[in-house]
Amino acid sequence: LFGTITNDMHALEKALIRIRKAHPNAQLEVAYEAGPCGFGIARRLEQLKVPCLVAAPSLIPTQPGSPFKTDKRDSRNLARLLRSGELTAVYVPEPTDEALRDLCRARTDAVDDLRRCRLRLKSFLLRHDYRYQGKANWSQAHMRYLRELVLPHPAMKAILEEYLQGIDAAHQRVQRIEVSMLTLLETWRLKPAVQALMAFRGFQLVAAMITVSELGDIHRFAHPRQLMTYLGLVSVEHSSGPKQHLGSISRCGNGHQRWLLTECAEHYLLPPKVSKELSHRQEGQPPEVRALSWKAQNRLHLRFTRLLG
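Residues numbered from 1 in each chain as written. Predicted model: local features only at pLDDT ≥ 70, side-chain atom pairs only at ≥ 80, totals over all residues. Heavy atoms only, no water.

## A closer look at the pattern of salt bridges
As a working rule, side chains carrying opposite charge can pair if their charged atoms are close by. This is how the line gets drawn: Salt bridges, as used here, are contacts in which a Lys or Arg side-chain nitrogen is within 4 Å of a carboxyl oxygen on Asp or Glu. We count a stretch as a helix when DSSP gives it H or I for four or more residues in a row; a strand needs E for two or more, and each element gets its number in order from the N terminus. Throughout, exposure labels follow a simple rule: accessible area from a 1.4 Å probe, protein chains only, divided by the maximum for the residue type, with under 20% read as buried, over 50% as exposed, and the rest as partly exposed.
With the rule as written, the count across this model stands at 14 salt bridges. The partner of Arg 105 in a salt bridge is Glu 214, and the shortest N-O contact between them spans 2.8 Å. Pair noted here: Arg 105 is in helix α4 (residues 95–127) and Glu 214 is in helix α8 (residues 205–215), with a separation of 109 residues, a long-range link. Overall, the relative accessible area of 31% leaves Arg 105 in the partly exposed class. Between Arg 115 and Asp 112 there is a salt bridge, with the nearest N and O atoms lying 2.7 Å from each other. Pair noted here: Arg 115 and Asp 112 are both in helix α4, with a separation of three residues, about one helical turn. Judged by relative accessible area, Arg 115 falls into the partly exposed class, the value being 45%.

What follows is the structure in structure tokens.
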């Protein structure tokens, strides 16, 4: 074991120099687990012409029954697995792709904060037996009802105002991030892929940008089954002998993208149709893309109907 260093590029480069001096005839390769350190180490090592593998933590082989876990043991285990070729590398995105992916994830976090703020307000009003009798929650009429609501105690009025301020702030945050997404899309190298995906039913700007940013270079998947495995959308199998048992989906891999695809798939329950909005999004797309979109509508609607049956 060489020792412990800080998460600093200068310290890492000094450690590599010392290792090379101690083993001048050895071939140097580096591996580390994907995590909060990000991909900066891998990109810097690529500049230094040092082979680097960013390992998927969930796919690292472990010894069952071993109750010990230390940094020293983990380092030796990673080195041994790297030498034997048993580590599974994760995809290292381009810096711009990673930045757009973080922006899309920030938009999802903002929507989640907005949902939590609304839930807190509804729970507060429900505890005090205030129920909105209108048709749609969080519409203009609903917000006008909340702002005109008369509460018996000043403390309750202060709570209501704070919750309303939080909802407005979260809503504005979502809008600002969406404007940034639309602006940065114009200079993104994957803009054609986003526009082509928007030609499909259920994929508007946000869903298309999230999908493309999460998947990155889709050509790294040799077959669609590999993509479904990456997203955790394949069935778990527990088979022995002649008996085959398939369970629920594995839910391994990119949970954010899996959740989004599940939401988009709900649109294919409806009969195939090219709506006005979809026709507008398909303008300027090649005939092959529009034909594939129509084929996907028919196939997925039939599949959805059969599964419901």
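## Remarks on the packing of aromatic side chains
Worth spelling out the cut-off: Whether two aromatic rings pair depends on their centres lying within 6.5 Å, for rings of Phe, Tyr and Trp, where Trp uses its six-membered ring; planes under 30 degrees apart make the pair stacked, over 60 edge-to-face, and the rest tilted. By definition here, charges over rings are those cases where NZ of Lys or CZ of Arg is within 6 Å of the ring centre and within 35 degrees of the ring normal.
This structure, assessed with the given rule, holds three aromatic pairs. With 5.4 Å between their ring centres and 50° between their planes, Phe 221 and Tyr 230 make a pair best called tilted. When its relative accessible area of 15% is taken as the criterion, Phe 221 is described as buried. Sitting over the ring of Tyr 91, Arg 220 keeps its end group 4.0 Å from the ring centre. The ring of Tyr 230 has Arg 220 lying over it, and the distance from NZ or CZ to the ring centre is 5.3 Å.

## Regarding the pairing of strand β2 (residues 52–55)
We apply this condition: One bridge is not enough; two strands pair if DSSP finds at least two bridges between them. If you view a crossover with the strands going away from you and the path from the first strand over the helix to the second runs clockwise, you call it right-handed.
Relative to β2, strand β1 (residues 30–33) runs parallel, the two being bridged by four bridges. By the bridge assignment, Val 30 is partnered in β2 with Cys 52. Taking the sense of rotation as the criterion, the β-α-β connection linking β1, helix α2 (residues 40–47) and β2 turns out right-handed.

## Focus on helix α5 (residues 140–147)
We count it as follows: Arc, as used here, means the arc of the directions from the helix axis to the C-beta atoms.
What α5 keeps buried is the set His 142, Met 143 and Leu 146. Down the axis of α5, the smallest arc covering the buried residues is 95°, so these residues share one side.

## Here's the deal with unusual backbone geometry
At Trp 138, a residue that is not glycine, the phi angle is positive and equals roughly 65°. Relative to the helices and strands, Trp 138 is located in the loop between α4 and α5. Phi at Arg 251 is positive, roughly 55°, even though this residue is not glycine. With respect to the secondary-structure elements, Arg 251 resides in the loop between β4 (246–249) and α10 (255–265).

## Overview of the environment of Leu 114
Relative to the elements of secondary structure, Leu 114 occurs in helix α4. In this structure, the C-alpha to C-alpha distance between Leu 114 and Arg 173, residues 59 residues apart in sequence, is 9.0 Å.

## Things to note about the nonpolar core
The criterion, for reference: Put simply, buried Ala, Val, Leu, Ile, Met, Phe, Trp, Tyr and Cys residues joined by side-chain atoms within 4.5 Å make one nonpolar core. We call two residues in contact when some of their heavy atoms are within 4.5 Å.
By size, the foremost hydrophobic cluster in this structure holds 27 residues, and its most contacted members are Met 181, Trp 188, Val 194, Phe 200 and Met 209. For this core, the elements supplying multiple residues, two or more each, are α4, α6 (154–185), α7 (191–198), α8, α10 and α12 (287–308). Here this core takes six residues from α8, the largest share from any one element. Once residues lying within four places of it in the same chain are set aside, the contact partners of Met 209 are Leu 100, Cys 104, Met 181, Leu 185, Trp 188 and Val 194. Core analysis: the next-biggest nonpolar cluster, separate from the first, contains 15 residues, Leu 121, Met 143, Leu 151 and Ile 167 among them.

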